[in-house]
Amino acid sequence: MEPPTVWTRLRAALSGEQNAETLYAYQRAGGAVHELLDAAERRRFDLAASGTSPFGMPAQVGTELACIWNAFALQTLGDRMLSADETADPATAGFVPPVTFKQVQAYYQDVQRWLAHATRAAHDPHFQPDSPLPAPLPDWSPVEPCPRPHLDAMIAALGAMRLHAGSVMNALEKATPEADHGQLAGVRGLFAEAVSRAEYAERMYTPGASQALHEQVEEHAKRAVEALYHAGQVLSYPALHIRQAPRQRPSPGGAGGRAVHVALPGEPGFDPWVMTDPVAAPTLRADPRAREVITEMWALDADPRQSVALWQDIQAAMARGDVTYGRNGGRLIGHYFCTPWAAIYEAARPVMIGDTPITRGKRFTIECAAEGVRVGYPFKREVVVGDFKPSRLDYCDPDAPPPHDD
């Protein structure tokens, strides 16, 4: 890219954008992943020619191929985001908004890590990556809604990831002997689900869509990217699917492993504050507006059982010692600004909350919000991972669009 002109620098400074010189350096360095990807295809072909089942490939080879896939997927996401930002705002080419800088930097830094792991695995048969495979995607930037170029980039990346994963799946089908067809069915199903998610997001996507539609497509696109990232690792190293026992939702710490029943709306004993930070709950109960909003949240939640299940996962993890309340300098951080005003938690060990993997040391909470539901926005139910700072309490008005981009 040509060095930015004085006018470009001035426009970028006025709009608060950051110089992307470092990101373009990462992009150039990560370009080596495409050579490794070609080498991985040759390695896959050689194994098939030797009669080795993909489900019996040496762990060293499987680890190397899975690491290469991760590097490829993340490089693709980073490249597409830079390209989408250039297209959306050519006047500040070479500069990107802070949220884009942070997201692309996270992708490219992980590219370097996975490339290093792939190289190490190729030379050391005992090597194990620092993140167990299959590894989760880096955290999404905690900005709602995501910038439109980010969504454009996700859709473009989905196409590239799906194309390559499809090629690997095709090779897997051809190379798997009949004796392993039972195992192949599980991998085929995982791939089909990921592709289905991607195609659904792609069909929903319309450039320049309304804000309400943008947010709905964004959620589907994120889940599709995560699913393809996961599936690509398993396709690269099929034994990962065998290692993974079906994940069952843990019981929330009940005696003898029994699940503790949580009353849902309409059931005897229902407590609308069950998911609220227990420290903040007494104050919120005394707030008439908060009482009104929490009632609306439950009334507009089409599947409150799913919402409660996220909270139950957290309670189970706390009972096991995998999760604690988040603290800064020994003091509790407090609760999230949006309903159900849940506590901020921290993972003491890697843990799954719902379908969201949380790495050790990460802080997270849950959000179940009816904000904007009556004007066309979807009910939001998700695990929120990120850095949490003091914020004004949000009453999450169902009759008003989300103001999170203020």
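Quick caveat: nothing in here was measured; it's all calculated off a predicted structure.

Caption draft 1: How the structure looks around the overall build of the protein chain. On a plain count of helices and strands, the protein chain comes out with twelve helices and ten strands. Considering the protein chain as a whole, with its 406 residues, one finds that 47% of them fall into the buried category. Pairs at least 24 residues apart make up 73% of the contacts formed inside the protein chain by residues separated by at least 6 positions. Accessible surface, the protein chain as shown: approximately 19500 Å² in total, 54% of it carbon and sulfur.

Caption draft 2: Structural context of the side chain of Thr63. Its location among the elements puts Thr63 in helix H4 (residues 59-88). A relative accessible area of 5% means that Thr63 is categorised as buried. The contact partners of Thr63, leaving out residues within four places of it in the chain, are Ala121, Pro129, Leu133 and Tyr237.

Caption draft 3: A look at empty space enclosed by the protein. In the structure shown here, the tally under the stated rule is two cavities of 30 Å³ or more. The calculated volume of the second largest cavity comes to roughly 30 Å³. Listed by contribution, the elements that provide at least two residues to the lining of the second largest cavity are helix H3 (33-49) and H4. For the lining of the second largest cavity, a count of residues per class yields five nonpolar, two polar and one charged.

Caption draft 4: Representation of H3 within the structure. Here H3 is 17 residues long and its end C-alpha atoms lie 24 Å apart, about the 24 Å a rise of 1.5 Å per residue gives. Within the span of H3, buried status applies to Val33, Leu37, Ala40, Arg44 and Leu47. Seen along its axis, H3 keeps its buried residues to an arc of 80°; they face one direction. Away from its buried face, by an angle of more than 90 degrees, H3 presents the exposed residues Glu35, Arg42, Phe45 and Ala49. In this structure, the buried residues of H3 make contact with helix H2 (21-30), H4, helix H5 (98-123), helix H6 (148-175) and helix H8 (211-236). At the exit of H3 stands Gly51, carrying a positive phi of roughly 90°.

Caption draft 5: Main features of the sheet that holds strand S10 (residues 380-385). If you trace the four strands from one edge of the open sheet to the other, you get S3-S6-S9-S10, paired in antiparallel fashion. Looking along the sheet, the strands with just one partner apiece sit at the ends: strand S3 (323-325) and S10. Across this sheet, the average inter-strand angle for adjacent strands is 30°, counted without regard to direction. Direction of pairing for strand S9 (residues 363-369) relative to S10: antiparallel, over a ladder of six bridges. Bridge pairing in S10 links Glu367 to Glu382.

Caption draft 6: Fine view of the pairing of S9. Among the seven residues that make up S9, six are buried, leaving the element largely enclosed by the rest of the structure. Taken together, the two bridges between strand S6 (residues 345-347) and S9 define a ladder with antiparallel strand orientation. Counted as the bridge partner of Tyr345 is Phe364 from S9.

Caption draft 7: Up close: the packing of aromatic side chains. Counted by the stated rule, this structure contains eight aromatic pairs. Where Trp69 meets Phe72, the ring centres are 5.6 Å apart and the plane angle is 55°; that geometry is what we call tilted. Note that Trp69 and Phe72 are positioned in helix H4 at a spacing of three residues, about one turn of the helix. In this structure Trp69 comes out as buried when scored by relative accessible area, which is 2%. Between the aromatic rings of Trp273 and Trp341, the centroid separation amounts to 6.2 Å while the plane-to-plane angle is 20°, which identifies the pairing as stacked. Of the two residues, Trp273 is situated in the loop between helix H9 (239-243) and helix H10 (281-285) and Trp341 in the loop between strand S5 (331-332) and S6; the sequence distance between them amounts to 68 residues. Assigned by exposure class, Trp273 and Trp341 land together as buried. In textbook terms, an aromatic cluster arises when at least three aromatic residues are bridged by ring pairs, as seen for Tyr325, Tyr345 and Phe364. Taking the ring centre of Trp114 as reference, the NZ or CZ of Arg113 above it sits at 4.7 Å.

Caption draft 8: Inspection of the packing of H4 against H8 at higher detail. One way to put it is that H4 packs onto H8 with a least axis distance of 7 Å and a crossing angle of 155°. Regarding the angle of H4 to H8, the classification is roughly antiparallel. Crossing angle aside, the handedness with which H4 passes H8 is right-handed. Residue-level contacts link Leu65, Ala66, Trp69, Asn70, Ala73, Leu74 and Leu77 of H4 to Val225, Leu228, Tyr229, Gly232, Gln233 and Ser236 of H8. Partitioned by chemical class, the residues of the contact of H4 with H8 number nine nonpolar, four polar and no charged.

Caption draft 9: Summary view of a nonpolar patch on the surface. Residues Val279, Tyr325 and Leu332 make up a contiguous nonpolar surface patch of about 260 Å² in total accessible area. Looking at where Val279 falls in the secondary structure, it is placed in the loop between H9 and H10. Val279 sits in the exposed class, given a relative accessible area of 57%.

Calculation rules
Residues numbered from 1 in each chain as written. Predicted model: local features only at pLDDT ≥ 70, side-chain atom pairs only at ≥ 80, totals over all residues. Heavy atoms only, no water. Helix = DSSP H or I, 4+ residues; strand = E, 2+ residues; numbered from the N terminus. Buried < 20%, exposed > 50% of the residue type's maximum accessible area, 1.4 Å probe, protein only. Contact = heavy atoms within 4.5 Å. Areas by Shrake-Rupley, 256 points an atom, 1.4 Å probe, with all protein chains shown as cover. 1 Å grid on protein atoms, 1.4 Å probe; cavity = no way out; pocket = protein on both sides within 12 Å on 5 of 7 lines; lining within 4 Å. Points joined across faces, edges and corners; volume = space filled by probe spheres on them. Nonpolar A, V, L, I, M, F, W, Y, C, P; charged D, E, K, R; others polar. Expected span 1.5 Å × (residues − 1). Arc of directions from axis to C-beta. Pairing = 2+ DSSP bridges. Axes fitted to C-alpha atoms, helices over the stretch in contact; angles between N-to-C directions. Phe/Tyr/Trp six-rings, centres within 6.5 Å; stacked < 30°, edge-to-face > 60°. Lys NZ or Arg CZ within 6 Å of the ring centre and 35° of its normal. Parallel < 35°, antiparallel > 145°, perpendicular 65-115°, else oblique. Left-handed = near helix turned anticlockwise from the far one by under 90°. Patch = residues over 30% accessible without salt bridge, like charges linked within 9 Å, V, L, I, M, F, W, Y side chains within 5 Å. Salt bridge = Lys/Arg side-chain N within 4 Å of Asp/Glu carboxyl O.

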